Amino acid sequence: MSIATRDVRWAAGGAMIVDGVTIEAAAGSTLGLLGPNGSGKSSLLRLIGRLRRADAGIVTLGGADIAALPHAAIARRLALVEQQATTEIPLTVLEIVRLGRTPHRGPLSPWTGADDAAVESALRHVGMEEKRDRLWHTLSGGERQRTHIARALAQTPSELLLDEPTNHLDIRHQLEILSLVSRLPATCIVALHDLNLAALFCDTIAILCDGRVVCAGPPDQVLTAETIRDVYGVNAHVERSPHHGKLQVHFLIG
Amino acid sequence: MRNPAIAGGWTLRAVPALPVPALFALAILALGILVVAIGLAVSIGEMAIPLGTIAKAVGNRLLGTGFTISPIQEGIIWDYRLSRSLAAACCGAALAMSGAILQALLRNPLAEPYVLGISAGASTGAVAVMIAGLGGGALSMSGGAFTGAIIAFTLVCALAAGTGGLTGTGAERIILAGVAGSQLFSALTSYIVTTSANAEQARGVMFWLLGSLGGIRWPDVGLAAPVAIGGFAIAILHARALDAFAFGVDAAVALGIPVTRVRLILFGLTAAMTATMVSIVGSVGFVGLVVPHAARFLVGPGHMRLLPVSFMIGAVFMVLADIVSRIVVPQQILPIGVVTALFGAPAFAFILYKARRRL
């Protein structure tokens, strides 16, 4: 397994945020994390990325316990795109994407051709080559998101964690980002709100509720009207789309 | 490429990037400017000394060249003015670097070397020795200031750690702990001054608080120079880590920075540098706040460039400020902190204005 968690628990402010989560993502696959607001998706991603230390349980990266790995070693293979990370410092897109090379460089080592290649490829992947000299605070929400993703790609990760990467994006950019993510050779874990996008792009889905995994598996097994009603309290009708062959969720109002 | 920016307090950005040979030339130029500034500082004063004589005196002392110059001149040059301006350069360099580091770590453009209570602690330590007679004569005023600074810094860190500010993701608690610590020690200083000091002592305290290069001799340079240069070496090794803090602590961790260790090292480093400089020259303001912004205006926010440029600008600025403090009022030496603010504030306003106009 590329990434796996076993019975991971994490509490904050006296509340159990992540309450015994066991999930796994196969190498190269895309795992969607679904669930209502406050179900623990972001926290779980932070635990997997070792931004927080789990109170109990274990997170493994390529079979190794992540708690025993140095931060730089983790960052050389695992990249994280957070929600709403911003800066007041007048950095250009290129400078931000270059930050992605940080874990690969020593404190004084010069910039190399490999660094350049990684940055160029990352910029190309998200379509920001032309905007490389733009300053951060002049970027639109979508451009910022794509810059963050390019920074993460510049880390040349084999594992990529994305926390609601389609937030603030119009539908075209949502589709572009997710199809990019699902085509990447890296293992991706993506926290999402949109059930239909999850059905379109994820190989497997785990649904969280109150810090626990309610169900996990291929979209066909997980996205049922019953589960959606139990987890979200919403009535839905799920059918296979005649256009793309994936599941389509219709929400029933009233 | 032209994209200067106004973004909150981090307004200043003029030059996007310079090629490496240009940076090298710039480094040589900066060193040249520093040498000229120090030369001027040694030359200018109650007794004006020609630059040629200064070169001879330095040659005599360092290379044993044996030029004939008057012993009085050589004494003034070597024992008084040269040590004084070198200490000023070290002090400016260290304060400017500390400011740049703290602005990055705390992600706050208003952060400066005294934000964690060091200046307030140093003044309490100094007045405790000078007025209350703490240490019974065994402790010098500099020693008292250094001790006070370290005690205040430790207290602020303990307070920040106790409230989760050191391990947490927000810098606000560290800054608030610094504010609380600064207020406490300022109050202690005022308490000691108002209850124990006579008018003469109170004036002495005020003069010291505003910064004075008066009593500086070679042993002070022997302390300040290694601290400034060693501090620079440690800081530059963490330049890339500082860059990684741009999007916050979590983002830095995600880029593989051992954040707790880096913060510990760099807070400790800025505290040591600042406490040393404050104990030698008093709490000179403005340099640590403004010089990093001027440097950012010149070379951008990347710390690989920002730290050396802050170092050089800080050094030159303090040496020039020292010259001004000695000549602006005849027969009197102004506290250097007055000069740094009096001349630094308009200079800073000018930079702000230039950055604004380019939008």
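As annotated in an unreviewed UniProt entry, chain B carries the name Iron ABC transporter permease and comes from Azospirillum lipoferum. Comment text from UniProt for chain B, heading Subcellular location (unreviewed entry), reads "Cell membrane". The record held by UniProt for chain B lists under Sequence similarities (unreviewed entry) the comment "Belongs to the binding-protein-dependent transport system permease family. FecCD subfamily."

Chain A appears in an unreviewed UniProt entry as ABC transporter ATP-binding protein from Azospirillum lipoferum. Its UniProt record gives chain A a comment under Sequence similarities (unreviewed entry), which states: "Belongs to the ABC transporter superfamily."

Moving on to the overall build of chain A. Counting its secondary structure elements, chain A contains nine helices and 12 strands. Taken over C-alpha atoms, the radius of gyration comes to 18 Å for chain A, in line with the 18 Å a tight globule of 254 residues would show. Burial status across chain A gives 50% buried among its 254 residues. Within chain A, contacts between residues separated by at least 24 positions form 62% of all contacts whose residues are at least 6 apart in sequence. Here chain A contributes 25 positive and 27 negative side-chain charges, whose respective centroids are spaced 4 Å apart.

Of note, the phi angle at R50 of chain A is positive, near 60°, even though the residue is not glycine. Mapped onto the elements of the fold, R50 of chain A is located in the loop between helix 1 (41–48) and strand 4 (56–61).

With that settled, consider the interface of chain B and chain A. Taken together, the contact between chain B and chain A spans 30 residues of the former and 37 residues of the latter. Taken together, both faces of the contact between chain B and chain A bury some 2,700 Å²; the carbon and sulfur share is 65%. Taken together, the links from chain B to chain A amount to two salt bridges. We note a salt bridge from R52 of chain A to D250 of chain B, for which the minimum N-O separation is 2.9 Å. Here chain B is connected to chain A by seven residue pairs in polar contact (both at pLDDT 80 or more). When contributions to the side of chain B that touches chain A are tallied by element, the ones reaching two or more residues are helix 8 (218–237), helix 9 (239–243) and helix 10 (249–254) of chain B.

Attention now moves to the sheet that holds strand 3 (residues 30–34) of chain A. Residues and elements named next belong to chain A. One open sheet accounts for six strands, arranged 6-7-8-3-9-10; its pairing is mixed. Two strands close off the open sheet at either side, each with one partner strand: strand 6 (78–81) and strand 10 (212–217). Adjacent strand axes in the sheet meet at a mean angle of 15°, parallel and antiparallel pairs treated alike. Pairing between strand 7 (residues 159–163) and strand 8 (residues 187–191): five bridges, direction parallel. The partner of D163 across the bridge, within strand 8, is A191. In the packing of helix 5 (residues 141–154) onto the sheet, contacts are made with strand 6 and strand 7, and the angle to strand 6 comes to roughly 170°.

On to the pairing of strand 9 (residues 204–209) of chain A, then. Residues and elements named next belong to chain A. Pairing geometry for strand 3 and strand 9, over four bridges, is parallel. Opposite L34, over in strand 9, you have I207 as the bridge partner. Pairing of strand 9 with strand 10, which is carried by five bridges, proceeds in the antiparallel orientation. For I207, the partnering residue across the bridge sits in strand 10 and is C215.

Here we come to helix 4 (residues 118–130) of chain B. Residues and elements named next belong to chain B. Over its 13 residues, helix 4 runs 18 Å from end to end, which matches the ideal 18 Å to within 8%, given 1.5 Å per residue. Burial in helix 4 covers these residues: I118, S119, A120, G121, A122, S123, T124, G125, A126, V127, A128 and V129. Lining the buried residues of helix 4 we find helix 5 (141–162), helix 6 (172–196), helix 7 (199–209) and helix 11 (259–281).

Here we take up the environment of A87 of chain B. Residues and elements named next belong to chain B. Mapped onto the elements, A87 comes out in helix 3 (residues 71–105). On the basis of relative accessible area, A87 is assigned to the buried category, the value being 2%. For the pair A87 and L213, spaced 126 residues apart in sequence, the C-alpha separation works out to 8.1 Å. With near-sequence residues (within four places) excluded, A87 lies in contact with I216 and V221.

Side chains bearing opposite charge may pair, as long as their charged atoms lie close to each other. Tallying each qualifying case throughout the model produces 16 salt bridges over all chains. Put simply, D220 of chain A and R240 of chain A hold a salt bridge, and the shortest N to O gap is 2.8 Å. One end of the pair, D220 of chain A, is in helix 8 (residues 219–222); the other, R240 of chain A, is in strand 11 (residues 236–240), with 20 residues separating them in the sequence. According to the relative accessible area criterion, R240 of chain A is partly exposed, its value standing at 45%. In this structure, R326 of chain B and D322 of chain B form a salt bridge, with 3.5 Å as the shortest nitrogen-oxygen distance. Linking R326 of chain B with D322 of chain B, this pair stays in helix 13 (residues 303–327), spanning four residues, or about one helical turn. Taken together, the shared-partner salt bridges connect D7, R9, D19 and R212 of chain A into one network.

Overall, the coordinates contain three aromatic pairs over all chains when judged by the stated rule. Taking the centre distance of 5.0 Å and the plane angle of 35° together, the rings of W78 of chain B and W218 of chain B count as tilted. Of this pair, W78 of chain B sits in helix 3 while W218 of chain B sits in helix 8, and the two are 140 residues apart along the sequence. A relative accessible area of 26% places W218 of chain B in the partly exposed class. The ring of W111 of chain A is capped by R98 of chain A, whose NZ or CZ atom sits 4.0 Å from the centre of that ring. If you follow K56 of chain B out to its NZ or CZ, it ends over the ring of F67 of chain B, 6.0 Å from the centre.

Under the defined criterion, the tally for this structure stands at zero disulfides over all chains. The thiol of C215 of chain A is not disulfide-bonded; the next cysteine sulfur, from C209 of chain A, is found 10 Å away.

This part is about the packing of helix 8 of chain B against helix 11 of chain B. When two helices pack together, their arrangement is given by the angle between the helix axes and by the axis-to-axis distance. Residue and element names in this part refer to chain B. Running from N to C, helix 8 and helix 11 point in directions that differ by 160°, and their axes come no closer than 10 Å. Put simply, helix 8 runs roughly antiparallel to helix 11. The handedness of the crossing between helix 8 and helix 11 is left-handed. Two secondary-structure elements touch here, helix 8 through D220, L223, A224, V227, A228, G231, I234 and A235 and helix 11 through I265, L269, M273, T276, M277 and I280.

We now examine the confidence of the model for chain B. Mean pLDDT over chain B works out to 85, with 91% of the residues at or above the 70 mark. A low-confidence stretch, residues 1–9 of chain B stays under pLDDT 50, and its non-local contacts, those more than four residues away or across chains, total 25 contacts.

Calculation criteria
Residues numbered from 1 in each chain as written. Chains lettered and ligands numbered in written order. Predicted model: local features only at pLDDT ≥ 70, side-chain atom pairs only at ≥ 80, totals over all residues. Heavy atoms only, no water. UniProt positions renumbered as here; feature names shortened; annotations may be inferred. Helix = DSSP H or I, 4+ residues; strand = E, 2+ residues; numbered from the N terminus. Rg over C-alpha atoms; globule rule 2.2 N^0.38 Å. Buried < 20%, exposed > 50% of the residue type's maximum accessible area, 1.4 Å probe, protein only. Contact = heavy atoms within 4.5 Å. Lys, Arg positive; Asp, Glu negative; His and termini not counted. Charge placed at Lys NZ, Arg CZ, Asp CG, Glu CD. Buried area = accessible area lost by both parts, 1.4 Å probe. Salt bridge = Lys/Arg side-chain N within 4 Å of Asp/Glu carboxyl O. Polar contact = N/O pair within 3.5 Å; in protein donor to acceptor, adjacent residues only side chain to side chain. Pairing = 2+ DSSP bridges. Axes fitted to C-alpha atoms, helices over the stretch in contact; angles between N-to-C directions. Expected span 1.5 Å × (residues − 1). Phe/Tyr/Trp six-rings, centres within 6.5 Å; stacked < 30°, edge-to-face > 60°. Lys NZ or Arg CZ within 6 Å of the ring centre and 35° of its normal. Disulfide = S-S within 2.5 Å. Parallel < 35°, antiparallel > 145°, perpendicular 65-115°, else oblique. Left-handed = near helix turned anticlockwise from the far one by under 90°. pLDDT = per-residue confidence, 0-100.

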